[in-house]
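Spelled out, the chains give:
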Amino acid sequence: MEHKLNRGMPGMAGMPGMSMLPPQAPYFLMIPGLLLIGFGVLVIFNEQLVKWLVAGVFLILGLLLLLAGTRMKRMVG
């Protein structure tokens, strides 16, 4: 059985078998990184954000479990 490893576009530069990264790929890391840095600065100056963030996570998890339980109850009968 023979596998073709060269998946790159014909005429594109790069190593054979490696797909090319799109030019906007670094921004997929840089923009969330900047947002996380900004959020960290907000948390440094306002510690109450941590309390509200943790409470919000637990509320969302509880809501998801409640919705999953009601759907499962409906499926079981």
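Cut-offs applied
Residues numbered from 1 in each chain as written. Predicted model: local features only at pLDDT ≥ 70, side-chain atom pairs only at ≥ 80, totals over all residues. Heavy atoms only, no water. Patch = residues over 30% accessible without salt bridge, like charges linked within 9 Å, V, L, I, M, F, W, Y side chains within 5 Å. Areas by Shrake-Rupley, 256 points an atom, 1.4 Å probe, with all protein chains shown as cover. Salt bridge = Lys/Arg side-chain N within 4 Å of Asp/Glu carboxyl O. Helix = DSSP H or I, 4+ residues; strand = E, 2+ residues; numbered from the N terminus. Expected span 1.5 Å × (residues − 1).

Colleague: I would appreciate a short explanation of a nonpolar patch on the surface in the present structure.
Modeller: A contiguous nonpolar surface patch, about 930 Å² in accessible area, is contributed by Phe39, Leu42, Val50, Leu53, Val54, Val57, Phe58, Ile60, Leu61 and Leu64. Those elements that place two or more of their residues in the nonpolar patch are helix 1 (27–45) and helix 2 (48–76). Looking at the nonpolar patch element by element, the count peaks at eight residues for helix 2. Structurally, isoleucine 60 can be placed in helix 2.

Colleague: Explain helix 2 to me, please; I cannot follow it from the model alone.
Modeller: An α-helical segment advances 3.6 residues per turn. Residues three or four places apart therefore align on the same side. Taking 1.5 Å as the rise per residue, helix 2 with 29 residues should run 42 Å; its terminal C-alpha atoms sit 42 Å apart, in good agreement. Directly after helix 2, the chain includes glycine 77, whose backbone phi takes a positive value near 130°.

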